[in-house]
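# Observations on the three-dimensional arrangement
Residue-level listing of the chains:
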Amino acid sequence: MRLLCLLAGSLAVAACHPRPEILPRQPGEPSLITRDVSSYAEPDQVRVRHVSLDLRVDFAAKVLTGTATLELDWRDPSAYAVVLDTRDLTIAQVEAQLDAVWQPAPFELAAADPVFGAKLTITPRDKPTKLRITYATSPEASGLQWMAPELTLGKGQGFMFSQSQAIHARSWVPLQDTPSVRFTYDAHITTPPDAMALMSASNDPAATRSGDYRFDMPQAIPSYLLAIAVGDLVFRPLSARAGVWAEPAMIERAASEFADTEKMITTAEQLYGPYRWGRYDILVLPPSFPFGGMENPRLTFATPTVVVGDRSLVSLVAHELAHSWSGNLVTNATWSDVWLNEGFTTYVENRIVEALYGRDFAEMENVIGQRGLRDELEHDVKPADQVLALPPLRGRDPDEALSGIAYVKGQWFLFFLEERFGRAIFDDFLRRWFDAHAFTSVDSVEFERFLKAELLDKVPGKVTAEEVRVWLHDQGIPSLARPATSRVFNAIDRAAAEWASGVLPTAALGARSWGTHQWVRFFLQLPPTLPAAQLAELDAVFHLTGTANPELAERWYPLTIRSGYLAARPAMKEFLKTVGRRKVIKPVYEALAKSPEGLTFARSVFEEARPGYHPITSAMVRDILAAPAAP
């Protein structure tokens, strides 16, 4: 884990970064919020309200160059400096607009911290309303990935895309990189003439390639939702307000896979109010994208690993769409409260899935999610990180602090409230939560206040304040949590037990009709290891090695590693070389790293795969492979 400072004690932490403190309430902000310890910004002094970007995309040098013009709201009469977040940016000059004239402004770029980057302090005179920063990114910018043509599907031209969450926006734009600050933006982007540019903004479905693009984002967003992508991209409509962008070789499959997108939007609107972002488009990125999806407003970034041909993994789209209410519309003020984004979104996702695909489908996803959380708690999540309302992440990279707690425990808490109050009452509460806090950033304190005033007090006797405290502030899964169940999985569990024990022949397993969820449950119910011959028989019948379904691959390959089924190794290697999604390759690398022979194999694969991995993914794999394997 990267630390805030190279330090010996807590005093060094305080010297390197401001301590958390309470910021005063401002108009439009529903509650007092804690200063974001993951940012150098001082939004109580001055706040960025609008960003204008003018950037050139240079594939040869792997950099963005140009300017960021920041419109400022000076809040404290005694303030004299603007403090911004940067990481690996080269700042050429800073100018302030005074009396309609741009004049040089003094600035200082502090020494870089390995996690949080370098604090940029600008001290203009007379509190200007605009600052213009001329800068260039680094080829190693943590929030950008530059892909050579051979790493794309089409092989014809390069591809670049951003990943700003959690604190990577500062690696390609100097700004207040904290979710507590929301801003509108516009952009002028110049690219090679044969490339299409897209942003988390007003993308024109009818846009033609010109090398010169303009964007506008009139709704205020936090920095982590700032996004850009440039490459060989084409568009297919899914409805009047939704569509999909992808490389030409992927576009038809993606359009077919995501055909239910408009139904999802309509379902979410019926539950929680109007979609407030104009268009909802999906960009299918190259396989190196490190996440399943990223909820960039108006342009969800999605991994191609969900395009498997049977729409069994499209709940990912439901999840990213749900962020249009929970996360994008109502945002966690700091990363300590990320459950307000992800727990709410995972709950809303499941409601969309249930409405479109039925209760059985939704229940299977809940069971799998809760099983994954229990496994994570047992092996990966420290006790202090097992609470929903985390303390300030002082000295910690927010990427490393995120776990299934925010997603599944947060969702589980909302299921608990739904069960106690009834679905109709709870749906009304959630809709009022989204409406009351639209386009603001909030913390857990505000949620507790709103919950008490708008639900506990109005419908007394259903949930106690102590029960809410246990869910939000106690470690682990509360004893009052009711586990999800699935009647579909009863038969799968019996089949897994009988097949693993040799009672049920492989040919009689009946798995040809299984969907992704049934297969995942089957793998979860198997012993940690099985005879290699038994796995070979299963593989021969169902062709699991080389599967295009990443949810199966992330469970099948670790099982083969633990069981010594070496026939899967060549296909496993290709899987690790061609897929950069962290969730699905992490279990494979972890299983390999547990033996000296596997660790050697994993390191050799990583050397070949690394050019196609996002920096976030590479950092994860390096950490896994750094420690020596157990003898």
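So, here's what we can say about the structure.

Rules behind the numbers
- Residues numbered from 1 in each chain as written.
- Predicted model: local features only at pLDDT ≥ 70, side-chain atom pairs only at ≥ 80, totals over all residues.
- Heavy atoms only, no water.
- Helix = DSSP H or I, 4+ residues; strand = E, 2+ residues; numbered from the N terminus.
- Rg over C-alpha atoms; globule rule 2.2 N^0.38 Å.
- Buried < 20%, exposed > 50% of the residue type's maximum accessible area, 1.4 Å probe, protein only.
- Contact = heavy atoms within 4.5 Å.
- Areas by Shrake-Rupley, 256 points an atom, 1.4 Å probe, with all protein chains shown as cover.
- 1 Å grid on protein atoms, 1.4 Å probe; cavity = no way out; pocket = protein on both sides within 12 Å on 5 of 7 lines; lining within 4 Å.
- Points joined across faces, edges and corners; volume = space filled by probe spheres on them.
- Nonpolar A, V, L, I, M, F, W, Y, C, P; charged D, E, K, R; others polar.
- Pairing = 2+ DSSP bridges.
- Axes fitted to C-alpha atoms, helices over the stretch in contact; angles between N-to-C directions.
- Parallel < 35°, antiparallel > 145°, perpendicular 65-115°, else oblique.
- Core = buried A, V, L, I, M, F, W, Y, C linked by side-chain atoms within 4.5 Å.
- Expected span 1.5 Å × (residues − 1).

Another point: the overall build of the protein chain. When its secondary structure is counted, the protein chain shows 19 helices and 23 strands. Taking 2.2 N^0.38 as the reference for a compact globule, 631 residues should give roughly 25 Å; the C-alpha atoms of the protein chain span a radius of gyration of 25 Å, in line with that estimate. For the protein chain, the spread of C-alpha atoms along the principal axes amounts to about 85 × 65 × 55 Å. In the protein chain, buried positions account for 60% of the 631 residues. In the protein chain, of all internal contacts separated by at least 6 residues, the share reaching a separation of at least 24 is 71%. Of the accessible surface of the protein chain, which amounts to about 23700 Å², a share of 54% is contributed by carbon and sulfur atoms.

For the rest of this paragraph, the subject is empty space enclosed by the protein. Summed over all chains, the structure comprises 1 cavity of 30 Å³ or more. Together, Tyr275, Trp277, Tyr280, Glu295, Asn296, Pro297, Arg298, Thr300, Glu320, Ser324 and Asn328 line the largest cavity. By residue class, the composition of the lining of the largest cavity is 4 nonpolar, 4 polar and 3 charged.

It is worth spelling out the sheet that holds strand E8 (residues 107–109) at this point. Read across the open sheet, the 3 strands follow the order E5-E9-E8; overall the sheet is antiparallel. Looking at which strands have only one partner, the edges of the open sheet turn out to be strand E5 (82–86) and E8. Within the sheet, the average angular offset between the axes of one strand and its neighbour, ignoring direction, is 20°. Direction of pairing for E8 relative to strand E9 (residues 118–122): antiparallel, over a ladder of 3 bridges. Paired with leucine 109 across the strands is leucine 120, a residue of E9.

In space, the 4 strands of this open sheet follow the order E11-E12-E16-E14, with antiparallel pairing throughout. Strand pairing shows two members of the sheet lacking a second neighbour, strand E11 (144–147) and strand E14 (196–199), which therefore form its edges. Averaged over all pairs of adjacent strands, the angle between their axes in this sheet comes to 10°, without regard to strand direction. Of the strand pairs in this sheet, E11 and strand E12 (residues 159–162) are connected by 4 bridges, and their pairing is antiparallel. Across the sheet, the residue bridging to methionine 147 is phenylalanine 159, located in E12.

What follows deals with the packing of helix H6 (residues 359–379) against helix H12 (residues 487–500). Across the interface, H6 lies against H12 with an axial gap of 8 Å and an inter-helix angle of 60°. What the angle tells us is that H6 and H12 run oblique. On the side of H6, the interface is formed by Asp360, Met364, Val367 and Ile368, while H12 contributes Arg487, Val488 and Phe489.

Formed by 152 residues in total, the largest nonpolar core has its most connected members in Tyr185, Met199, Phe258, Phe301, Phe413 and Phe434. Looking at which element gives the most residues to this core, the answer is helix H8 (residues 404–421), with 10 residues. Those residues in contact with phenylalanine 434 that lie beyond four places of it in its chain are Tyr272, Arg276, Trp325, Ser326, Leu329, Val330, Phe344 and Val348. Core analysis: the second largest hydrophobic core is formed by 53 residues, Phe523, Trp556, Tyr565 and Val588 among them.

Right, let's get into helix H15 (residues 550–563). For H15, with 14 residues, the first-to-last C-alpha span of 20 Å sits near the 20 Å given by 1.5 Å per residue. Summarising burial for H15: 13 of the 14 residues are buried, a large majority. Just beyond H15, the residue with positive phi is glycine 564, at close to 75°.

Locating alanine 481 in the fold gives a position in the loop between helix H11 (465–473) and H12. On a C-alpha basis, the gap between alanine 481 and phenylalanine 413 in space is 7.8 Å, while along the polypeptide they are 68 residues apart. Excluding its chain neighbours within four sequence positions, the residues that come into contact with alanine 481 are Trp412 and Trp471.

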